There are 8 protein chains.
Amino acid sequence: MATPYKRLDKNDAAVLLVDHQAGLLSLVRDFTPDEFKNNVLALADIAKFFNLPTILTTSFESGPNGPLVPELKAMFPDAPYIARHGNINAWDNEDFVKAVRATGKKQLIIAGVVTDVCVAFPTLSALAEGYDVFVVTDASGTFNPVVRDAALNRMSQAGAQLMNWFAVGCELHRDWRNDIEGFGGLLAGHLPAYANLMQSFSSNAK
Amino acid sequence: MATPYKRLDKNDAAVLLVDHQAGLLSLVRDFTPDEFKNNVLALADIAKFFNLPTILTTSFESGPNGPLVPELKAMFPDAPYIARHGNINAWDNEDFVKAVRATGKKQLIIAGVVTDVCVAFPTLSALAEGYDVFVVTDASGTFNPVVRDAALNRMSQAGAQLMNWFAVGCELHRDWRNDIEGFGGLLAGHLPAYANLMQSFSSNAK
Amino acid sequence: MATPYKRLDKNDAAVLLVDHQAGLLSLVRDFTPDEFKNNVLALADIAKFFNLPTILTTSFESGPNGPLVPELKAMFPDAPYIARHGNINAWDNEDFVKAVRATGKKQLIIAGVVTDVCVAFPTLSALAEGYDVFVVTDASGTFNPVVRDAALNRMSQAGAQLMNWFAVGCELHRDWRNDIEGFGGLLAGHLPAYANLMQSFSSNAK
Amino acid sequence: MATPYKRLDKNDAAVLLVDHQAGLLSLVRDFTPDEFKNNVLALADIAKFFNLPTILTTSFESGPNGPLVPELKAMFPDAPYIARHGNINAWDNEDFVKAVRATGKKQLIIAGVVTDVCVAFPTLSALAEGYDVFVVTDASGTFNPVVRDAALNRMSQAGAQLMNWFAVGCELHRDWRNDIEGFGGLLAGHLPAYANLMQSFSSNAK
Amino acid sequence: MATPYKRLDKNDAAVLLVDHQAGLLSLVRDFTPDEFKNNVLALADIAKFFNLPTILTTSFESGPNGPLVPELKAMFPDAPYIARHGNINAWDNEDFVKAVRATGKKQLIIAGVVTDVCVAFPTLSALAEGYDVFVVTDASGTFNPVVRDAALNRMSQAGAQLMNWFAVGCELHRDWRNDIEGFGGLLAGHLPAYANLMQSFSSNAK
Amino acid sequence: MATPYKRLDKNDAAVLLVDHQAGLLSLVRDFTPDEFKNNVLALADIAKFFNLPTILTTSFESGPNGPLVPELKAMFPDAPYIARHGNINAWDNEDFVKAVRATGKKQLIIAGVVTDVCVAFPTLSALAEGYDVFVVTDASGTFNPVVRDAALNRMSQAGAQLMNWFAVGCELHRDWRNDIEGFGGLLAGHLPAYANLMQSFSSNAK
Amino acid sequence: MATPYKRLDKNDAAVLLVDHQAGLLSLVRDFTPDEFKNNVLALADIAKFFNLPTILTTSFESGPNGPLVPELKAMFPDAPYIARHGNINAWDNEDFVKAVRATGKKQLIIAGVVTDVCVAFPTLSALAEGYDVFVVTDASGTFNPVVRDAALNRMSQAGAQLMNWFAVGCELHRDWRNDIEGFGGLLAGHLPAYANLMQSFSSNAK
Amino acid sequence: MATPYKRLDKNDAAVLLVDHQAGLLSLVRDFTPDEFKNNVLALADIAKFFNLPTILTTSFESGPNGPLVPELKAMFPDAPYIARHGNINAWDNEDFVKAVRATGKKQLIIAGVVTDVCVAFPTLSALAEGYDVFVVTDASGTFNPVVRDAALNRMSQAGAQLMNWFAVGCELHRDWRNDIEGFGGLLAGHLPAYANLMQSFSSNAK
């Protein structure tokens, strides 16, 4: 009767990064700026590490919403980049949906700013079209926790799975033996507490 | 198996503002007074902006509950105004239900004070009659977060969709090109952080 | 597909007060002692006000769990009082279930200490037997919010409705005209902020 | 329509303790170290008290993740101990699944570090295979409450029951008369507030 | 070099209750209404218990600030009652200062609404005139903790002593043997957790 | 031995508004944007209401720090406006200090963004020159509460008085009879909870 | 001008443990029970480790306040034990003061329940008599943080030094070489996070 | 009577970084790992930027406390590096004090882990010897906020100035014109919100 386990599969997943723009980021108040920046870049590193098809999109980036944060632009120079000129829901933009379809993937990993609009709207649209959607809650930000909770409830009730970047990375990786160094390095780069463990360990090993 | 995406449509939506009265507002403790006033007026501005049929109702306004806040009265001079003399659940009031039916809309956007009674009861009644109900959680206030969480859970489990005023506005607007100036002005008026972005942007543009 | 609106009906509801004992109350840390005492007594006043059949039960009251708080004992001198000598889940106690059945009611309003055991277990058992169960979250206390959230989630997923004492009272009352003075007095006695409204109002009226 | 009451049964339950390792514990920030240590050891004491088959597993314990905490090792000297050399999801490890099956139990009580990965992944896998899974939320830790909430939501939506160690113990015990001294001692050892009640009581009794 | 111990002395202390009015109380957001009502009445009970000269004062009580809360009026029917018609700082009101001087006491115990104005201003004035001032922080309320912290810092730096009602009562009482029953009853009436201890104790004693 | 009461005097006070710029405001995270905007404008209204000499200053406003917020610019068209081209501490800017001296006032009321730099530095400098400095803590914002607490401690220990805008207004006004309507209107405009009291009161009066 | 560094000296320090009684502990709400128990026992272990003269005192232990917690009784079988029959301030009890003087120490390390009374009163009295007093804030508990903050402010302004048990232990020990094993064991026993470090370290060392 | 303004001067300041070791960092719970890492590295960048003499010290780095975090080691290859073999208070170590004296500076900027020991002890010792000490509260971490508050109070009362890394950088820099690019880059590297402002600004400038 309950939802069956939809498990992330690196061969069937794409990543959608929606409206992580310099201006809009100043609206995000449910995370500290340090945490949020780290979380978004961690998710981006995961997309790169697993070579997942990644789609970038922005809303009115020549206006007050500001440009896409430069780190993301630099990391995905060849990714489809959909600068929306009016559609609030990215799924209303034909180019965006085409880009999603072109990936051939059924699992969509999504994060963006703000959670209740830029993430929730395309999530609900994609679910309605039969995609499996995995919302990365800690790489998505909004005005305050009351707003976040409502948005996450709405998406969850519609069938989305709520995750965090660390769990996304681990569910995609499945087995450390696939690449211990690479994956460990990724984690250490975004989890200072894990980097400390590695540092203490290697120091002792000497 | 999950709830399908019920998407707000400006041609099929009405707004219900329940018991935002001067006395009752002193009971609201899950938001600061500044935030809550701003959220309620933002939702009212959205109703005006999209010309949504709007219904006002109050409970015992000649007693301690106090008068409807004057800003709402002033904004909707021609809206149906149901001063309930006893019904706690607005849906138990025939005039109120008639006014809702008279709008001919199937989507109800609701907010009020207090969340667990004045919002929850008509929400549950309207859902039972087949309406799609969108609860604006940040324009609805109550005694404390424990009470709020129980009320939102009850409504969500019964099929209501939990939203915030910003998401309601964006889902109704759909495309900035429908009215950039107007919608941007509405947001700037209620989101100081967005107003700052616009101010910095236009200052740079000079 | 969603749960239909199960609405409290004063002619079909009974109240179960589980293990509000002097010793156990020292375990409650998700409310301040002032708040919690007020919430429990408010619920008891509601049971009295609507003449709802009420059942009291305690666990090992001659041991460290301590006696039932004296206010409850005094308010319901004729209520069934089941002192359980071992059953942790009150529903495992035949006398308790008999007392519930003897009320002839289908709606059970429940509160107790601690939420995750004394409330959750009989709630789940009663739901399994087809009762409609309304959990009064703010008159039920436990160790901390993490524990509370898990318990409320478990009950909600099993079909219980989460409410607070104020909403319970209002849903039972339905119409202020049934008894303005009486119900207003009940609220003022447990909501200092509402008492202040009444005091200011009557002062102005003079 | 709702989930039926799945009640823990000491004759049909097994306990899975996943990755409570000295290094990984430094990642847990949604509990204080004192609280978390107490919660984990309380769950372990419950497993011992009811003689539940218990399975220990670790991930890369010779590396930075560190050794299993020594108290757990000491408490379950004869339990299956699966040191995973790569599988992130313990359910991907054949030995682990074999050990689970060998218990012949249908109810799995699970806790671990971190909640969103080491607990969530095997929970979802076990649910998919038809097990009843009971997640002990306060003996499972992770990076922060946002991450925890997403993970618990994901597991709950998939059919897991969210519990805490105290409720697990009480649901297994069912009746104090099965062993008053033993169970009371277990509680007093992990609930200082309950120990105080017992101490005051026995002092008065003298 | 540090401030010497100024110890409350029931023979040299007076109590000033400033502006606990029904309207103004709706501004208090740094305590829940339940807690704050309890704290104010506890302080009033202490004033009565020790027969301390007590002075009541209000600001504009015929306007929106509302009447003095009726419980205080009823408890001190013969106390000086200064209804200020304009002075914000009660110390600017000659009648108030005369009433203070008429007590002949050097120690002033003060509480009021709001902390930063109605408490802070007369506190600073009285300190400047050489009185010892004891601010009861938990019977004084204001808009939010940021405001409270600034006000308490200002008073503390000027030489006021910050206390809470419980400590005030205990410092005045000094020795339980002066009146065990009376003082214990006072505490039990305002500390539900203490009442529980007494109830468990006397239950065991039987 | 303690600091004597330095009381704000409308004939001897000037207001310094430091760096309330559109860009810098996005750094303020110890208040919500709604609250902070309201607090700053309330302080500005107080400066206008009492005709206090007011000095505006900005840092690098043609760069990322952004322009002064337009409301402040509009409210004080004739105030000295010092656009600093490099000095971080406004007191290092000769024009600023000259403007302060030109007011002939000894009491300086200061607020700004960010508290730990733009407020703290000129506050410490002004104190060193013998001014009485009143820091408006709720109209000054910074990165987080840890930073705020350190900055407020530093200023307080150096002799600054910590206040909030409401207390500043009340201490300047001293007696409601100086202007009931005007001052009441100012408060109602910035304290929604007070506006509700006034609205209920005047509604009853009819 | 500032307070000189008063440094704890194991040859000149005594420990006062005031009213850590089973009943009173249920009043402590500014720490979780797990944390508080751990903190108090850690301080007791420090007193033992450094062989500091230690004085135990209780208030009315044959009544609802309950007996001294048994762990403390067991740890200090030969310590002066002053069961006060009425004095609220332990310093008002001659036997207590005699016991303090008999230690011949000038530095008093104090902790107790509740902070605002049982700790604050003797602290202020001892300071007035010229003792150096070190208040262990995390081994002292009370009703809530507002009460704690007022009490700590009062003691700090009177010249007490605020510390925590870990800092007390470290300031007394001064040099790890005095006893690495012993002091490390003490820390590991009360700091699970430190025990994990030691466990990981020794595991690697093998 | 108050403390005079001690202003940081880049020609008279040295930086002390105490015990930022990989193991000890796992004890820091009053900041998230992301925030804390950023704060410490920001302070280190400030030390480099202004060429301040910097002293590194560690405690038992070959044991469980772990090695100095590698970033700090790499940034200050030529700095005095005092590996203490036993002294808990770095000021008890002759080499450390010699290194401090060798800088010839009178102003000491200090940060470390944990605040209550590794920062507080040398701070108090240095103050006693007449140094001006500036404690960087957000680059110093400890077990929890109760411990932090006690430690900061103790240092503040002894004459230390509490600051944050951002204020330290700004007070040292004094005038942006000394190096706009360099200082702006430093801020942008550690303040994502400021980096966003710069990115939006330069994007608009194009």
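Everything numeric here is computed off the predicted structure, so don't read it as measured data.

1. A word on the overall build of chain A
Summing up its helical and strand segments, chain A has eight helices and six strands in all. Going residue by residue from the N terminus, the α and β elements of chain A occur as β-α-β-α-β-α-β-α-β-α-β-α-α-α. Its C-alpha atoms give chain A a radius of gyration of 17 Å, within 12% of the compact-globule value 17 Å for 206 residues. In terms of overall dimensions, chain A has a C-alpha envelope of 60 × 40 × 35 Å along the principal axes. A burial count over chain A gives 68% of its 206 residues as buried. Pairs at least 24 apart in sequence give 80% of the contacts found in chain A among residues at least 6 apart. Carbon and sulfur atoms make up 52% of the accessible area of chain A, which amounts to about 6500 Å² in all. Separation between the mean location of the 17 positive side-chain charges and that of the 22 negative ones in chain A comes to 3 Å.

2. So, the pairing of strand 1 (residues 13–18) of chain G
Note on strand geometry: in a regular strand, side chains alternate between the two faces of the sheet. All names here are of chain G. Most of strand 1 sits inside the fold, with six of its six residues counted as buried. Side-chain alternation along strand 1 places A13, V15 and L17 on one buried face and A14, L16 and V18 on a second face that is also buried. Bridge count between strand 1 and strand 4 (residues 107–112): six bridges; the pairing is parallel. The residue bridging A13 from the neighbouring strand is Q107, located in strand 4. The pairing of strand 1 with strand 2 (residues 54–59) spans four bridges and is parallel. Among the inter-strand pairings, L16 is bridged to a residue of strand 2, identified as I55. Crossover strand 1 to strand 2 through helix 1 (residues 33–49) is right-handed.

3. Examining the relation of the copies chain A and chain B
For the pair chain A and chain B, the best superposition has an RMSD of 0.0 Å and corresponds to a rotation of 90° with a translation of 0.0 Å parallel to the axis. Taken together, the rotation and translation relating the two chain copies correspond to the operation of a four-fold axis. A share of only 6% of the interface residues of chain A reappears at the interface of chain B, consistent with the copies meeting through non-equivalent patches.

4. Focus on the UniProt feature "domain: Isochorismatase-like" (unreviewed entry) in chain A
The UniProt record annotates "domain: Isochorismatase-like" (unreviewed entry) at residues 14–164 of chain A. This span, residues 14–164 of chain A, is 40% helix and 19% strand, and a straight line between its end C-alpha atoms measures 16 Å.

5. A short note on helix 3 (residues 94–103) of chain B
One full turn of an α-helix is made of 3.6 residues, so residues set three or four places apart face in the same direction. All names here are of chain B. Turning to helix 3, its buried residues are F96, V97, A99, V100 and T103. All buried residues of helix 3 fall inside an arc of 160° around its axis, so they share one side. Away from its buried face by more than 90 degrees, helix 3 exposes E94, K98 and A102. On its buried face, helix 3 sits against strand 1 (13–18), strand 2 (54–59), strand 3 (81–84) and strand 4 (107–112).

6. Some thoughts on the pairing of strand 4 (residues 107–112) of chain H
All names here are of chain H. Across the six residues of strand 4, six count as buried, placing the element largely inside the fold. Residues Q107, I109 and A111 line one face of strand 4 and the alternating positions L108, I110 and G112 line the opposite face, and both faces are buried. When strand 4 meets strand 5 (residues 132–136), the two strands line up parallel, connected through four bridges. Note that in strand 5 the partner of L108 across the bridge is V133. The parallel pair strand 4 and strand 5, bridged by helix 4 (residues 115–128), forms a crossover whose chirality is right-handed.

7. So, the environment of C:I109
Residue and element names in this part refer to chain C. Here I109 is to be found in strand 4 (residues 107–112). Between the C-alpha atoms of I109 and A83, which are 26 residues apart in sequence, the distance is 19 Å. Those residues in contact with I109 that lie beyond four places of it in its chain are L8, A13, A14, V15, L16, L43, L52, F134, V136, V168 and L172.

8. Focus on the side chain of H:N65
With respect to the helices and strands, the residue H:N65 is situated in the loop between strand 2 (54–59) and helix 2 (70–75). Looking at H:N65, the relative accessible area reads 4%, which means it is buried. A polar contact of 2.8 Å, which involves the side chain of H:N65, links it to the side chain of G:Y194. Apart from the residues within four sequence positions on either side, H:N65 is in contact with G:Y194, H:Q21, H:A22, H:G23, H:L24, H:S59 and H:F60.

9. A short note on the packing of aromatic side chains
This structure, assessed with the given rule, holds 80 aromatic pairs over all chains. Taking 5.3 Å as the distance between ring centres and 75° as the angle between the ring planes, the aromatic pair formed by B:W176 and B:F183 counts as edge-to-face. Look at B:W176 and you get buried, because its relative accessible area is 9%. For B:F183, a relative accessible area of 0% puts it in the buried group. In textbook terms, an aromatic cluster arises when at least three aromatic residues are bridged by ring pairs, as seen for A:F49, A:F50, A:W176, A:F183 and D:F60. One Lys or Arg, D:R148, reaches over the ring of D:F31 and ends 5.3 Å from the middle of that ring.

10. Details of the domain arrangement of chain A
Residues and elements named next belong to chain A. According to the domain assignment, chain A consists of domain 1 (13–174) and domain 2 (176–206). For the domain 1 and domain 2 pair, buried surface summed over both sides reaches about 950 Å², with 72% attributable to carbon and sulfur atoms. Counting the contacts that link domain 1 with domain 2 gives zero salt bridges. Summed over the shared surface of domain 1 and domain 2, the number is three residue pairs in polar contact (both at pLDDT 80 or more). Per element, the largest residue contribution to the side of domain 1 that touches domain 2 is six residues, and it comes from helix 1 (residues 33–49).

11. Quick look at the state of the cysteines
The tally for this structure, following the rule as stated, stands at zero disulfides over all chains. Free of any disulfide, B:C170 has its nearest neighbouring cysteine sulfur in A:C118, separated by 7.3 Å.

12. Quick notes on the interface of chain A and chain B
Many structure descriptions define interface size as the accessible area lost when the parts assemble. Listed by partner, the interface residues are 34 residues for chain A and 34 residues for chain B. Across the chain A/chain B interface, buried area totals approximately 2700 Å², and carbon plus sulfur atoms make up 61% of it. Taken as a group, A:P64, A:I88 and A:R154 account for 22% of the area that chain A buries against chain B, more than any other trio of residues on that side. At the boundary of chain A and chain B, one finds two salt bridges. Scanning the region where chain A abuts chain B turns up eleven residue pairs in polar contact (both at pLDDT 80 or more). Taken together, the elements giving at least two residues each to the side of chain A that touches chain B come down to helix 4 (115–128) and helix 5 (145–157) of chain A. Looking at the side of chain A that touches chain B residue by residue, the class counts come to 16 nonpolar, 14 polar and four charged.

13. Let's talk about the sheet that holds strand 3 (residues 81–84) of chain E
Strand order in the open sheet formed by six strands is 3-2-1-4-5-6 (chain E), with parallel pairing between adjacent strands. The two strands at the open ends of the sheet, each matched to only one other strand, are strand 3 and strand 6 (161–163) of chain E. Neighbour to neighbour, the strand axes of the sheet diverge by 25° on average, direction disregarded. Strands strand 5 (132–136) and strand 6 of chain E of the sheet are contacted by helix 5 (residues 145–157) of chain G, whose axis makes an angle of about 150° with strand 6 of chain E.

14. A look at a negative patch on the surface
The grouping of A:D149, B:D149, C:D149 and D:D149 at the surface amounts to a negative patch. With respect to the helices and strands, the residue C:D149 is situated in helix 5 (residues 145–157).

The rules behind the values
Residues numbered from 1 in each chain as written. Chains lettered and ligands numbered in written order. Predicted model: local features only at pLDDT ≥ 70, side-chain atom pairs only at ≥ 80, totals over all residues. Heavy atoms only, no water. Helix = DSSP H or I, 4+ residues; strand = E, 2+ residues; numbered from the N terminus. Rg over C-alpha atoms; globule rule 2.2 N^0.38 Å. Buried < 20%, exposed > 50% of the residue type's maximum accessible area, 1.4 Å probe, protein only. Contact = heavy atoms within 4.5 Å. Areas by Shrake-Rupley, 256 points an atom, 1.4 Å probe, with all protein chains shown as cover. Lys, Arg positive; Asp, Glu negative; His and termini not counted. Charge placed at Lys NZ, Arg CZ, Asp CG, Glu CD. Pairing = 2+ DSSP bridges. Right-handed = clockwise from strand over helix to strand, strands pointing away. Least-squares fit on C-alpha atoms with pLDDT ≥ 70 in both. UniProt positions renumbered as here; feature names shortened; annotations may be inferred. Arc of directions from axis to C-beta. Polar contact = N/O pair within 3.5 Å; in protein donor to acceptor, adjacent residues only side chain to side chain. Phe/Tyr/Trp six-rings, centres within 6.5 Å; stacked < 30°, edge-to-face > 60°. Lys NZ or Arg CZ within 6 Å of the ring centre and 35° of its normal. Domains from an automatic or database assignment. Buried area = accessible area lost by both parts, 1.4 Å probe. Salt bridge = Lys/Arg side-chain N within 4 Å of Asp/Glu carboxyl O. Disulfide = S-S within 2.5 Å. Nonpolar A, V, L, I, M, F, W, Y, C, P; charged D, E, K, R; others polar. Axes fitted to C-alpha atoms, helices over the stretch in contact; angles between N-to-C directions. Patch = residues over 30% accessible without salt bridge, like charges linked within 9 Å, V, L, I, M, F, W, Y side chains within 5 Å.

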